[in-house]
Amino acid sequence: MNTRTKITALTMVALSFAFSGHANAQMSKEKTVMVGGAPMYPSKNIIENAVNSKDHKTLVAAVKAAGLVETLQGSGPFTVLAPTDAAFAKLPKGTVETLVKPENKEMLTKILTYHVLPGKYSAKQIWAAVKAGNGKSMMKTVEGEELTFWTKGKDLYVKDAKGNSAKVTIADVNQSNGVIHVIDTVLMP
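Please read all numbers here as calculations on a predicted model, not as lab measurements.

Attention shifts here to the nonpolar core. Counting 29 residues, the largest nonpolar core has V63, L72, V80, L112, I180 and V186 as the members making the most contacts within it. When sequence neighbours within four positions are dropped, the list of residues in contact with V186 reads P83, A87, F88, L91, I111, H115 and D160.

Quick look at the structure:
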C-alpha cells in the first residue's frame, strides 16, 4: 500500500468517526425528562416512552387492555395526563383488576380517553388558558367530556367531572406525537 492510499484510508476512517460522533452528539443533545427512572425522548412516541417508565406499568397495561396502543403510537398530536401507579393504587381495591377484564373494555376506554386531549398543550399554554379564564380553563377530552384546569401557587391541577383533583407532578414530557403531563390521581368521567 503506497503512502497516498494509506492517507486516503486514514482520512476516510477519521471522517467516519467524526460523522458518527456528530450523530451521537445530536442524540445526546435531545432534551429528555426522567419519568419513572427512565429518560423520555422527544423523538419517540407516547407508547415508546411510557413502556420504559417504572411508575406507569398500570397505565401501560390498561392502554394495552383497552386496545389503544396503536392510537397512541399514531401521529396525534395528543396531550396525555398520565396517572402513576401510585395514582391507580388510590382507587378502591379491585377497581383496576375489574376494569382490565375484556367485558369492561368500553368503560376502561372511556376512562383512558378522558385522560387525553386532542392537540399538544404545554404547561405554559394551559397556564395561559387558566389565566385568561380568570382562574380556570375547561378543555374537552378525546372521550368527549371536559376537564377543568386550575392553578394554586406554582402548581397546575386538573379536576374531573366527579370533582376529583389531580396535581401535575411532572409537566412537559415532550413526545414525537404530543406531550405527557404526569398526574397523581386517576380522573373519572
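Taken together, seven strands build an open sheet; the order of strands is β4-β3-β9-β8-β7-β6-β5 and the sheet is mixed. Pairing within the sheet leaves two strands with one partner each, and these edge strands are β4 (116-118) and β5 (137-140). The sheet shows a mean angle of 30° between the axes of neighbouring strands, taken without regard to direction. With five bridges joining them, strand β6 (residues 146-152) and strand β7 (residues 155-159) adopt antiparallel strand pairing. By the bridge assignment for β7, T148 is matched with K159. Helix α8 (residues 123-132) rests against β5, β6, β7, β8 (165-175) and β9 (178-183) of the sheet, and its axis sits at about 90° to β6.

Cut-offs and rules
- The residue count restarts for each chain, going from 1 along the sequence in the order it is written.
- In keeping with the predicted nature of the model, local features appear solely for residues at pLDDT of at least 70, side-chain atom pairs appear and are counted solely at 80 or more, and the whole-chain, interface and lining totals rest on all residues.
- Computation of side-chain values: all heavy atoms of the structure, hydrogens and water removed.
- Only buried Ala, Val, Leu, Ile, Met, Phe, Trp, Tyr and Cys residues count toward a nonpolar core, and they belong to the same one when joined by side-chain atoms within 4.5 Å.
- Each residue's exposure class comes from its accessible area (1.4 Å probe, protein chains only) as a fraction of the maximum for that residue type: buried when under 20%, exposed when over 50%, partly exposed otherwise.
- Pairs of residues are marked as contacts when any of their non-hydrogen atoms sit within 4.5 Å.
- Pairs of strands are assigned from DSSP output, requiring at least two bridges between the strands.
- Helix and strand assignments follow DSSP, with helices taken as H or I runs no shorter than four residues and strands as E runs no shorter than two, numbered in order from the N terminus.
- Axes here refer to lines fitted to C-alpha atoms; in helices the fit is confined to the stretch in contact. Angles between the N-to-C directions go from 0 to 180 degrees.

Function cannot be read off these values alone, since they describe shape.
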